[in-house]
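Spelled out, the chains give:
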Amino acid sequence: MRTLTKTLVSATAVAGIVAGSLAGASASFAATGTAARPAVSSFQAAAVDNHGLTTTEATHVQCWLIDWWGYPGPLDGQLGPNSWMAMQRFLKANWGYTDTIDGIPGPNTNKALQRFLLANYGYPGPIDGIFGTNSIAAFKRFAAATAGNC
């Protein structure tokens, strides 16, 4: 009997707490009259994709992009959207990039970059938009060649 009484008292207490919490929550929502807000901000940090380059190598590429393709800086060795938009302008003008200048190094950016690297920096192919070890090696050779721009 004593166990049954403890169980009933505990269950009643829990039910009372839950009911009170729900009543309070309902009252607080009704009283404020504000719309629900998302718990997480929709802001996303700009992505950096160095395509296998070190920060020093990426800085060399950024120096070249400043000199020739309107990259506004900074020289931080982080190939982010502004670096990639400048690269896409270069690739659009010379290497068959036909997508939008959006600063996202996707498959079409990679294909145009691979065409450039094939013609000038020993990339052996294929032009598939996948930036693997051969693409990275050729991109590193390009970065070394741009060191004089810094």
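Residues numbered from 1 in each chain as written. Predicted model: local features only at pLDDT ≥ 70, side-chain atom pairs only at ≥ 80, totals over all residues. Heavy atoms only, no water.

Tallied over the entire structure, the rule returns 1 disulfide. Each sulfur in the disulfide pair Cys63 and Cys150 lies 2.0 Å from the other. Every disulfide takes its handedness from the sign of the S-S torsion; for Cys63 and Cys150 that torsion is 105 degrees, giving right-handed. Of the two residues, Cys63 is situated in helix H2 (residues 55–69) and Cys150 in the segment after helix H5 (133–145); the sequence distance between them amounts to 87 residues. Residue classification places Cys150 among the exposed residues on the basis of a relative accessible area of 52%. (Disulfide = S-S within 2.5 Å. Helix = DSSP H or I, 4+ residues; strand = E, 2+ residues; numbered from the N terminus. Buried < 20%, exposed > 50% of the residue type's maximum accessible area, 1.4 Å probe, protein only.)

Structurally, the position occupied by Thr109 is in helix H4 (residues 107–120). Ignoring sequence-local partners within four residues, the contact set of Thr109 consists of Trp84, Gln88, Leu91, Tyr97 and Ile104. (Contact = heavy atoms within 4.5 Å.)

For H2, built from 15 residues, the straight-helix expectation of 21 Å at 1.5 Å per residue is met to within 8% by its first-to-last C-alpha distance of 19 Å. The set of residues buried in H2 consists of Glu57, Ala58, Thr59, His60, Val61, Gln62, Cys63, Trp64 and Leu65. Where H2 terminates, the next one or two residues include Gly70, which has phi positive at roughly 75 degrees. (Expected span 1.5 Å × (residues − 1).)

On to the packing of aromatic side chains, then. As enumerated under the stated definition, the model contains 11 aromatic pairs in all. Through a chain of ring-to-ring contacts, the aromatic side chains of Trp64, Trp69, Trp84, Phe90, Trp95, Phe116, Tyr121, Phe131, Phe139 and Phe142 assemble into a single cluster. (Phe/Tyr/Trp six-rings, centres within 6.5 Å; stacked < 30°, edge-to-face > 60°.)

To continue, consider the packing of H4 against H5. It is the contact of H4 with H5, at a shortest axis distance of 10 Å, that shows an interaxial angle of 65 degrees. By the angle between their axes, H4 is roughly perpendicular relative to H5. Our pair here, H4 against H5, has a crossing hand that is left-handed. In this structure, H4 contributes Leu113, Gln114, Phe116 and Leu117 to the contact, and H5 contributes Ser135, Ala138, Phe139 and Phe142. When its residues are assigned to classes, the contact of H4 with H5 shows 6 nonpolar, 2 polar and no charged. (Axes fitted to C-alpha atoms, helices over the stretch in contact; angles between N-to-C directions. Parallel < 35°, antiparallel > 145°, perpendicular 65-115°, else oblique. Left-handed = near helix turned anticlockwise from the far one by under 90°. Nonpolar A, V, L, I, M, F, W, Y, C, P; charged D, E, K, R; others polar.)

Attention now goes to the confidence of the model for the protein. Chain-level pLDDT for the protein is 80 on average; 69% of the residues reach the 70-or-more range. The low-confidence segment residues 1–45 (pLDDT under 50) makes 0 contacts with residues lying over four places distant or belonging to another chain. (pLDDT = per-residue confidence, 0-100.)

Before going further, it helps to spend a moment on H4. Taking 1.5 Å of rise per residue, the 14 residues of H4 would be expected to cover 20 Å, and the 20 Å separating its terminal C-alpha atoms lies within 8% of that figure. Considered for burial, the residues of H4 that qualify are Thr109, Asn110, Ala112, Leu113, Gln114, Phe116 and Leu117. Contact partners of the buried residues in H4: helix H3 (81–94) and H5.

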